[in-house]
Amino acid sequence: MFDLVIRNGTVIDGSGQPRKVADVAVQEGRIAATGPKLGPAKRTVDAEGLIVAPGFVDIHTHYDAQSAWDSRMTPSSWHGVTTAVMGNCGVGFAPCKPADRSKLVELMEGVEDIPGAVMAEGLKWEWESFGEFLTSLERRQRDIDLCALLPHAAVRVYVMGERAIRHEAANQGDIAQMRQIVEESVRAGAFGVSTSRTISHKSLKG
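Residues numbered from 1 in each chain as written. Predicted model: local features only at pLDDT ≥ 70, side-chain atom pairs only at ≥ 80, totals over all residues. Heavy atoms only, no water.

Here's the deal with the overall build of the protein chain
Okay, step 1: A tally of regular secondary structure across the protein chain gives six helices and ten strands.
Okay, step 2: Relative to its length of 206 residues, the protein chain is extended, with a C-alpha radius of gyration of 21 Å against a globular reference of 17 Å.
Okay, step 3: With respect to the three principal axes, the spread of C-alpha positions in the protein chain is 65 × 30 × 30 Å.
Okay, step 4: Looking at the 206 residues of the protein chain, the share that counts as buried comes to 40%.
Okay, step 5: A fraction of 67% describes how many contacts in the protein chain between residues 6 or more apart in sequence connect residues 24 or more apart. (Helix = DSSP H or I, 4+ residues; strand = E, 2+ residues; numbered from the N terminus. Rg over C-alpha atoms; globule rule 2.2 N^0.38 Å. Buried < 20%, exposed > 50% of the residue type's maximum accessible area, 1.4 Å probe, protein only. Contact = heavy atoms within 4.5 Å.)

Details of the environment of Ala53
Okay, step 1: Summarising the element assignment, Ala53 is placed in the loop between strand S5 (51-52) and strand S6 (56-58).
Okay, step 2: Classification of Ala53 by relative accessible area gives partly exposed; the value is 43%.
Okay, step 3: Once the C-alpha coordinates of Ala53 and Arg19 are considered, the two residues, 34 residues apart in sequence, prove to be 9.9 Å apart.

Digging into the nonpolar core
Nonpolar side chains in soluble globular proteins generally cluster together in the buried interior.
Okay, step 1: The biggest cluster of nonpolar side chains holds 38 residues, and the ones touching the most others in it are Phe93, Met119, Leu123, Trp125, Trp127, Phe130 and Phe133.
Okay, step 2: Among the elements of the structure, strand S7 (81-86), helix H1 (101-112), helix H3 (130-138), helix H4 (152-160) and helix H6 (172-188) are those that each provide at least two residues to this core.
Okay, step 3: With seven residues, H4 is the single largest residue contributor to this core.
Okay, step 4: Residues in contact with Met119, not counting those within four places in the same chain, are Ala65, Phe93, Val105, Met108, Glu109 and Ile114.
Okay, step 5: One finds Val11, Val24, Ala47 and Val52 within the second-largest nonpolar core, a separate group that totals five residues. (Core = buried A, V, L, I, M, F, W, Y, C linked by side-chain atoms within 4.5 Å.)

Side note on H3
An α-helical turn contains 3.6 residues, so a residue and the one three or four places further along point in the same direction.
Okay, step 1: For H3, the full list of buried residues reads Phe130, Phe133, Leu134, Ser136 and Leu137. Buried residues of H3 fall within an arc of 160 degrees about the axis and therefore sit on the same side.
Okay, step 2: Buried residues along H3 sit in contact with S7, strand S8 (145-148), strand S9 (150-151) and H6. (Arc of directions from axis to C-beta.)

A few points about the sheet that holds S7
Okay, step 1: With parallel pairing, three strands are arranged side by side in an open sheet as S6-S7-S8. Looking at strand neighbours, the two that pair on one side only are S6 and S8, the edges of this open sheet. Within the sheet, the average angular offset between the axes of one strand and its neighbour, ignoring direction, is 20 degrees.
Okay, step 2: Where S7 and S8 come together, four bridges link them in parallel fashion. Its bridge partner being in S8, Val85 is matched across the sheet by Cys147. (Pairing = 2+ DSSP bridges. Axes fitted to C-alpha atoms, helices over the stretch in contact; angles between N-to-C directions.)

A look at the layout of surface pockets
Okay, step 1: If you add up the space inside the largest pocket, you get close to 740 Å³.
Okay, step 2: Surrounding the largest pocket, 25 residues form its lining, Leu107, Ala153, Ala164, His167 and His201 being those nearest its centre.
Okay, step 3: Contributing elements (two or more residues each) for the lining of the largest pocket: H1, H4 and helix H5 (162-165).
Okay, step 4: Here the residues of the lining of the largest pocket are counted per class, giving ten nonpolar, nine polar and six charged.
Okay, step 5: When its volume is computed, the second largest pocket comes out at roughly 290 Å³.
Okay, step 6: What lines the second largest pocket is a set of 16 residues, among which Leu137, Glu138, Arg142, Asp145 and Leu146 lie closest to the centre.
Okay, step 7: Those elements that provide at least two residues to the lining of the second largest pocket are H3 and S8.
Okay, step 8: If you tally residues by element for the lining of the second largest pocket, the top one is S8, at four residues.
Okay, step 9: Residues of the lining of the second largest pocket, tallied by class, amount to nine nonpolar, two polar and five charged. (1 Å grid on protein atoms, 1.4 Å probe; cavity = no way out; pocket = protein on both sides within 12 Å on 5 of 7 lines; lining within 4 Å. Points joined across faces, edges and corners; volume = space filled by probe spheres on them. Nonpolar A, V, L, I, M, F, W, Y, C, P; charged D, E, K, R; others polar.)

Some details on H6
Okay, step 1: In a regular helix each residue adds 1.5 Å, so 17 residues correspond to 24 Å; H6 covers 24 Å between its end C-alpha atoms and thus fits that length.
Okay, step 2: Structurally, H6 contributes buried residues whose contacts are with H3, S9, H4 and H5.
Okay, step 3: By the N-cap criterion, in which a side-chain oxygen at the helix start approaches the backbone nitrogen of a residue two or three places on, H6 is capped by Asn171, the distance to Gly173 being 3.0 Å.
Okay, step 4: In the segment just after H6, Gly189 is the residue with positive phi, at about 130 degrees. (Expected span 1.5 Å × (residues − 1). Polar contact = N/O pair within 3.5 Å; in protein donor to acceptor, adjacent residues only side chain to side chain.)

Just geometry here; none of it tells us what the structure is for.
Below is the structure:
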């Protein structure tokens, strides 16, 4: 007796094999079998005429703000995405000192054309460090999984403040502090570090 059988769907498994009509059985949260006319299940879903496939991984999103208030994570979740990576292009909201919040909002507004007023209203800023940001994300159930990259711009602003906004070069002390933040963030669960060399990535103020 399987926990779940999805019956008669068109299975596209991502292996490169041709699509086929088959059942997919799930046991304890994992795919246990695929094939024609699998055995009984506690729950059955009729997928005739529908595609059954692994969830997509969207490796480039900017849900950094939306993740703070939205459980659905649309539009990605509408299109078969089950895991999204955010924090791309070196922009995001952690780490962040209270005095620098508007700077990071302005940068995201300029880079990704997300209205600053929406972010200012929606972000509750329950964090300062990147680890605290991840903890705040864990408080909300979502339709998809999220992986968060540590954004380089946020790290620079956290360490250098206005000097980062003025595009000043980091000194050795700054770099040492940034290195420590990166290590702490990766240990806390950062999926990696993102940055950008694209000259158009700037706030509306330039």
